[in-house]
Amino acid sequence: MVKFSKQFEGQVIPEWKEAFVDYCQLKKDIKRIQVLNNINNEPNNHQMISSPFSLLRKFSLFGHRQRDHEPIQVHRKLVSSTSKGDTYETQLLEQFADTDATKEFFACLDQNLNKVNKFYRTKEKEFLDRGESLKKQMDILIELKSAFMEKKNKGSSSQYSKEEESVSCTFSSSEDDSVRSSREQTCDLEKIEEDFTQSNEEEKSMNLKWVDGKLRTLSGHMVSSKGKNVKINIPLTTPSQTLSEISYLVMEDLFNQSSKKSNPENGVLHLNKTRLHHAEKMIRGGFIELYKGLGYLNDFRNLNLLAFLKILKKFDKVTEKQILPIYLKVVESSYFNNSDKVVKLMDEVEELFVKNFAKDDHRKAMKYLRPIHHRKESHALTFFIGLFTGCFLALFVGYVLMAHLTGLYKRHQNSLYMETVYPVLSVFSLMFLHFFLYGCNIFAWRKTRINYKFIFEMAPTKELKYRDVFLICTMSMTAVVGVLFFHLTLLTKGYTYAQVQFLQGLLFLAFLLLLVCPFNIIYRSSRYHFLRVIRNIIWSPLYKVVMLDFFMADQLCSQVPMLRNLEFMVCYYITGSYKTQDYGYCMRVKNYRDFAYAVSFLPYYWRAMQCARRWFDEGETSHLINLGKYVSAMLAAGAKVAYEKDKSVGWLCVVVIMSSVATLYQLYWDFVKDWGLLQMNSKNPWLRNELMLRRKVIYYLSMVLNITLRLAWLQTVLHSSFENVDYRVTSLFLAALEVIRRGLWNFYRLENEHLNNAGKFRAVKTVPLPFHEVEDEED
C-alpha cells in the first residue's frame, strides 16, 4: 500500500507546491514528539506495569478532564481592519509530554492553515474576476453574432464570399431584455475546433468609442453595448490573414466614408465572419482554461483537507490525545473549505459552455472541459523497444566490424563511400541522437515533476511520452543501420556503386514520406504538430513566438552539421549525381556553395528574428540582448566559413576572436538567463535558491561540462583527429558532443522556466480576450 505522503506528493499541483500543506515538515515534527515521548516514558515503564490500579485511575481522570475541558483551543482573529482574511492560533490548555515540541507542531500547523486560506482567497478572487470578464465578453460576442445572423437571415449575406462573409448593421443599446434574451437563444455559435492553442497569437486592434450611448469606432462604425469604451483585438494567425486584415481595414474605411455620405445619421458596423470566429475562439479558450483553473483550485481544497485529517490522526496516535475533532472542526469551518464560490462558478461555466459552444450537447462539452489525458501504458511498447534495441546493436556492431575490415574509415581510403554514404549515416545519427536525448529529458522532467506539458502548451493528442520517443528512435535507427549494412554487404560482394547507390536515396525518401503521411498512423498528430512548428520557425518574423517555437529553434542551432549534410544529400540525388558518382558536382556549383554557407547561418538567423519579434510584441530589452548573442554566433560562423576558404593567419585570428566572444556571450546566457544560475545572493553558492535536483554537485558538473562542450570550436583551429580516422568521423563525433550539450541544456532550461511559473503560481495559461475596455478619449 502506497503511503499517503507519496500519494500527496504525486497529486500536488507542481506550480502551487509551495501553497500546499507542508506535510513532510509536519510529519517530522510528529516524529520528534514521538521520540521525546519514548524517552520520557522509559523510566516509568516499570511503575506503570507494577501499578495497574494507578494506570486505571489515570485513564479515569483523563476521561473526566476530557469532559470538563479540551486540551487545546484555537483562536480565530482578524489581524487588521484591512486584512483579507482571518488567522488562526492554537493555545495549549493541557500539559503534554513535551510541551515545546508540541508548541512547535501547532505553530507550524497554524501557519500552514493560514497559508492555505490566504492562497485560496487570492486564487479564488483571480478566477472570479476572470469569470466575470469572460461573461461580459460572451455577452458582447452574442450581440454581435445575433446581429450578424439576423442580417444573414434577411438575405444580405448572399452578396459575399464564404470566407469574407460580412454584413452592415445598426442596432442600439436601448432594446429591452426580452429581445436581448431571444437573440441569445437564436444565436447558434459555430462548431468547436480541436486546436485552440493558437488563440494567443498576434493581435490587431480596432478602436471603438462610445458616443451617445452607442459604441462607435474611431472611423464612425457603431455597435450596441452598455456604455463603455472598448478595444477589439483580432488575432492574426497566419501571414495571409495579416495581409487580409490590412486590406479589410482599408476597404472598411472606404465603405464607411461612402455610407456616411449617403446616410450620415446612421452609425454602421461592418461585421466580418472571420473576425467574429477568431473572437469566439479566444473566448472559448478562455472558458476552457478558467474551468481547468477552477478544477485545480477544487483539488487544492480537497487535498489540503485530507492532509490536515491525516496529520491530525498521526498526532492523536502518537500523543493519545483527542485533538482531531477539535482542530478538524476549525479546518472545516475555515474559508478554503467553507467557500462554495468555486463550485458555483464551475457549474456556471459548464452551463455557458454547453449552451454556447456545444449546441446543448453536454457530453461534447465535457470532452473539452475535462479531456482524458491518461493513456494506458502497453507492455507491447516496452517489448518492441527492447526488440528494436537489440536489433540495432547487433546490426551496428556488424556494420562497424565490416567497415573496419574493409578500411572504409581510414584516411584517403575509398573517398567515394565516405563522400556519398557517410552523410546519410551522419544525418540520421545526429537527428535520432537528439530525439533520444529528448526522450531522456521527458523522463527526467517527469521524475522531477517539471510540468513540461504546460510549458510547451501541448495538447494531449500531440504529446509523446518517453517510451514513444524511445520506440521511434530504436525503430528508425534499426532501419537506417540495416539499410547501410545491406548496402555495404552488397559492395563487398562485388556490386558497383551505380547499382546500389539508390538505397540511401530510398531510405531518405521513405522517412520524408512517413513524416508527411496523411493517414492516421505512427503518431500523425505529433508529426503534423512538428511540421507546424518548423513552419513557424521558417516564417518566424510573421508569427507570434511561443515557448515551443524558440525551444525548437534552439535545437536547430545545435544541428548545423546535420543540416549541411542534409543539404548535400538533397543536391546529390536531385541533380542525379548518384548515377555517375560525381560527388564533387555539388561543391563545384556556385549556387550550392552559397546555399551551403547560408545553411550555417539560417538557424541563428531564425532565432534572431524570433528575438526581434518577441521584443516587438513584449517590449523587453532582454530580447534585444538575446538577439545580440545570435548575431555574434552568426559572425563567428561567417569567420569559420571564410577561414575554410582562405587558410590565412589573418582569418585564423578573426576566427579565434569572434568565436571567443560568441562563446563567452553564450556561456553567460546559458548560466544566468536560461538556467537561472550564478546568483550572487543565493543560499546555494553560485546556483539559485530553488533547485529541483537534490544533489548540488550535479549543477556544478553540468556547468563544467557545458563549458567544455562549448569549446568544441577549437577543433577548427587545432585540426585535431583520432590517429588515422577519417576527418568526417571526427566531425561526426564533435557534432554529437554538441547535440549532447543541447540535451543537457534542455533539462535546466525547462527547470528554470518551471520554477518561474511556480514562483508566480501560474498553473494555467491566460488566454487573451478579444474585447477590452479603454480610457475615454476626447473627440
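Definitions and limits used
- All chains use their own residue numbering, which begins from 1 and follows the written sequence.
- Given that this is a predicted model, residues contribute local features only at a pLDDT of at least 70 and side-chain atom pairs are listed and counted only at 80 or more, while totals for whole chains, interfaces and linings are drawn from all residues.
- With hydrogens and water excluded, all non-hydrogen atoms of the structure serve as input to the side-chain values.
- Helix and strand assignments come from DSSP, with helices taken as H or I runs of at least 4 residues and strands as E runs of at least 2, each series counted from the N terminus.
- Where accessible areas are quoted, they stem from the Shrake-Rupley method and a 1.4 Å probe; at the residue level, only the protein chains shown are allowed to cover.
- When a residue's accessible area, from a 1.4 Å probe over protein chains only, is under 20% of the maximum for its type it is buried; when over 50% it is exposed; and in between it is partly exposed.
- Any two residues whose heavy atoms approach within 4.5 Å are treated as being in contact.
- Basic side-chain nitrogens of Lys or Arg form a salt bridge, by our definition, when they fall within 4 Å of a carboxyl oxygen of Asp or Glu.
- All axes are obtained by fitting lines to C-alpha atoms, using only the stretch in contact for helices, and the reported angles, taken between N-to-C directions, cover 0 to 180 degrees.
- Any angle between 65 and 115 degrees counts as roughly perpendicular, while under 35 counts as roughly parallel, over 145 as roughly antiparallel, and the rest as oblique.
- Left-handed describes a crossing whose near helix is turned anticlockwise from the far helix through less than a right angle; right-handed describes the clockwise counterpart.
- Under the scheme applied here, ten amino acids are nonpolar (Ala, Val, Leu, Ile, Met, Phe, Trp, Tyr, Cys and Pro), four are charged (Asp, Glu, Lys and Arg), and all others, including Gly, are polar.
- How sure the predictor is of each residue is captured by pLDDT, a score from 0 to 100.
- Working definition: a ring pair exists when centres of Phe, Tyr or Trp rings (six-membered ring for Trp) sit within 6.5 Å. Plane angles under 30 degrees give stacked, over 60 give edge-to-face, the rest tilted.
- Note on criteria: charge over ring means Lys NZ or Arg CZ within 6 Å of the ring centre, with the direction from the centre no more than 35 degrees off the ring normal.
- We define a nonpolar core as any set of buried Ala, Val, Leu, Ile, Met, Phe, Trp, Tyr and Cys residues linked to one another through side-chain atoms lying within 4.5 Å.
- Cysteine sulfur atoms are paired as a disulfide whenever they come within 2.5 Å of each other.
- Only residues whose relative accessible area exceeds 30% and that form no salt bridge enter a patch; like-charged residues are grouped when within 9 Å of one another, and nonpolar side chains (Val, Leu, Ile, Met, Phe, Trp, Tyr) when within 5 Å.
- When charges are counted, Lys and Arg are positive and Asp and Glu negative, with His and the chain ends excluded.
- Note on charges: their place is set at NZ of Lys, CZ of Arg, CG of Asp or CD of Glu.
- Polar contact is the term for a pair of N or O atoms within 3.5 Å; when the atoms are in protein, one must be able to donate a hydrogen and the other to accept it, and sequence-neighboring residues count only if both atoms are side-chain atoms.
- In this analysis, the expected span of each helix is defined as 1.5 Å times one less than the number of residues it contains.
- One axis is fitted to the seven residues ending at the residue and one to the seven starting there. The bend at that residue is the angle between these axes.

1. So, the overall build of the protein
- What the protein contains, in helices and strands, is 30 helices and nine strands.
- Summing over all exposed atoms, the protein offers an accessible surface of approximately 41,200 Å²; the carbon and sulfur share of this is 59%.

2. Focus on helix H9 (residues 324–333)
- Looking only at H9, the buried set comprises Leu324, Ile326, Tyr327, Leu328, Val330 and Val331.
- Where H9 is buried, its residues meet strand S1 (72–78), strand S2 (86–92), helix H5 (99–153), helix H8 (273–319) and helix H10 (335–338).

3. Some points on the pattern of salt bridges
- Inspection of every chain in the model, using the stated rule, returns 23 salt bridges.
- Among the ionic pairs, Asp617 bridges to Lys544, the shortest N-O distance being 3.9 Å. Placement of the pair is Asp617 in helix H25 (residues 590–618) and Lys544 in the loop between helix H20 (524–538) and helix H21 (547–557), with a sequence separation of 73 residues.

4. Observations regarding the side chain of Asn304
- Structurally, Asn304 is set in helix H8.
- Not counting the four nearest positions on each side in its chain, Asn304 is found in contact with Phe20, Val21, Val116 and Phe336.

5. Quick notes on the packing of helix H17 (residues 466–492) against helix H19 (residues 502–515)
- Contact pair H17 / H19: the axes reach a minimum separation of 10 Å and the direction vectors enclose 165 degrees. One way to sum up the angle between H17 and H19 is to call them roughly antiparallel. H19 is crossed by H17, and the crossing has right-handed handedness. In this structure, H17 uses Ser476, Ala479, Val480, Val483, Leu484, Phe486, His487 and Leu490 to contact H19, whose residues at the interface are Leu503, Gln504, Leu507 and Phe511.
- Classifying every residue of the contact of H17 with H19 by side-chain character gives nine nonpolar, three polar and no charged.

6. Side note on the confidence of the model for the protein
- Here the protein shows a mean pLDDT of 80. Residues at 70 or above account for 76%.
- Taken as a whole, residues 44–67 scores under 50 in pLDDT and shows six contacts with residues more than four places along the chain or in a different chain.

7. Here's the deal with the packing of aromatic side chains
- Inspection of the entire model under this criterion finds 40 aromatic pairs.
- Between Phe436 and Phe470, the ring centres sit 5.2 Å apart and the planes meet at 40 degrees, which makes this aromatic pair tilted. In this pair, Phe436 sits in helix H15 (residues 422–447) while Phe470 sits in helix H17, placing the two residues 34 residues apart along the sequence.
- For Phe436, a relative accessible area of 36% gives the class partly exposed.
- Exposure remark for Phe470: the relative accessible area of 17% places this residue in the buried category.
- Each ring, one from Phe456 and one from Phe551, has its centre 4.9 Å from the other, and the planes form 55 degrees; the classification is tilted. Linking Phe456 in helix H16 (residues 452–456) with Phe551 in helix H21, this pair joins segments that are 95 residues apart in sequence.
- The class for Phe551 is buried, based on a relative accessible area of 4%.
- The ring of Trp745 carries the charged tip of Arg742 above its face, separated from the ring centre by 4.6 Å.

8. Some remarks on the nonpolar core
- Of all hydrophobic cores here, the largest spans 76 residues; its most connected members are Tyr417, Trp445, Phe456, Leu488 and Leu750.
- Among the elements that make up this core, the one with the highest residue count is H17 (13 residues).
- Discounting chain neighbours no more than four positions away, the residues touching Tyr417 are Tyr399, Leu408, Tyr422, His487, Leu488, Leu491 and Tyr497.
- Within the second largest apolar cluster, 72 residues are counted, among which are Leu92, Phe300, Leu303 and Phe315.

9. Description of the state of the cysteines
- Tallied over the full model, the rule gives one disulfide.
- Each sulfur in the disulfide pair Cys571 and Cys586 lies 2.0 Å from the other. Residues Cys571 and Cys586 are joined by a disulfide whose S-S torsion is about -105 degrees; by sign, that bridge is left-handed. Note that Cys571 is positioned in helix H22 (residues 560–574) and Cys586 in helix H24 (residues 585–588), a separation of 15 residues in sequence.
- Among the cysteines around Cys473, which has no disulfide bond, Cys440 carries the closest sulfur, lying 8.7 Å off.

10. Digging into the packing of H15 against helix H30 (residues 727–759)
- The N-to-C vectors of H15 and H30 enclose an angle of 20 degrees; their axes lie 9 Å apart at closest approach. Here H15 lies roughly parallel to H30, going by the angle between them. At the point where H15 passes H30, the crossing takes the right-handed sense. Residue-level inspection shows Tyr422, Ser426, Leu430, Leu433, His434, Leu437, Asn441, Ala444 and Trp445 of H15 in contact with H30, the latter providing Arg728, Val729, Leu732, Ala735, Ala736, Val739, Ile740, Arg742, Gly743, Asn746, Phe747 and Leu750.
- Each residue belonging to the contact of H15 with H30 can be placed in one class, and the counts come to 14 nonpolar, five polar and two charged.

11. Comments concerning a positive patch on the surface
- Residues Lys3, Lys6, Lys17, Lys31, Lys310, Lys313, Lys314, Lys317 and Arg694 make up a contiguous surface patch of positive charge.
- Here the positive patch gets four residues from one element, more than from any other, and that element is H8.
- Its location among the elements puts Lys314 in helix H8.
- Among the residues examined, Lys314 registers a relative accessible area of 36% and is labelled partly exposed.

12. Thoughts on the environment of Gln679
- Within the element layout of this structure, Gln679 appears in the loop between helix H27 (649–674) and helix H28 (697–710).
- Taking relative accessible area as the criterion, Gln679 reaches 34% and is therefore assigned partly exposed.
- Sequence separation between Gln679 and Asn689 is 10 residues; the distance between their C-alpha atoms is 8.3 Å.
- Not counting residues within four places of it along the chain, the set of residues in contact with Gln679 comprises Trp686, Leu687, Arg688 and Asn689.
- Looking at Gln679, its side chain comes within polar contact range of the main-chain oxygen of Gly676, at 2.9 Å.

13. Structural notes on unusual backbone geometry
- Although it is not a glycine, Glu320 sits at a positive phi angle of roughly 60 degrees.
- You can see Glu320 is positioned in the loop between H8 and H9.

14. A few points about a nonpolar patch on the surface
- A contiguous nonpolar surface patch, about 520 Å² in accessible area, is contributed by Phe502, Leu506, Leu509, Leu512, Leu513 and Val516.
- Looking at the element boundaries, Val516 is found in the loop between H19 and H20.

15. A short note on the environment of Leu705
- Mapped onto the elements, Leu705 comes out in helix H28.
- In this structure Leu705 comes out as partly exposed when scored by relative accessible area, which is 40%.
- Put simply, Leu705 and Leu744 are 39 residues apart on the chain and 9.1 Å apart in space, counted from C-alpha to C-alpha.

16. A look at H25
- Its 29 residues give H25 an end-to-end C-alpha distance of 41 Å, which sits within 8% of 42 Å, the value for a rise of 1.5 Å per residue.
- Roughly 40 degrees is the biggest bend found in H25, and it falls at Phe601, with proline Pro603 one to four residues downstream.
- One or two residues past the end of H25 sits Gly619, with phi positive at roughly 75 degrees.

17. Here's the deal with the environment of Met703
- For Met703, the location among the structural elements is in helix H28.
- Sequence spacing of Met703 and Trp745 is 42 residues, and the spatial spacing of their C-alpha atoms is 9.6 Å.
- Aside from chain neighbours lying at most four places away, what touches Met703 is Phe671, Trp675, Leu677, Leu678, Trp686 and Leu687.

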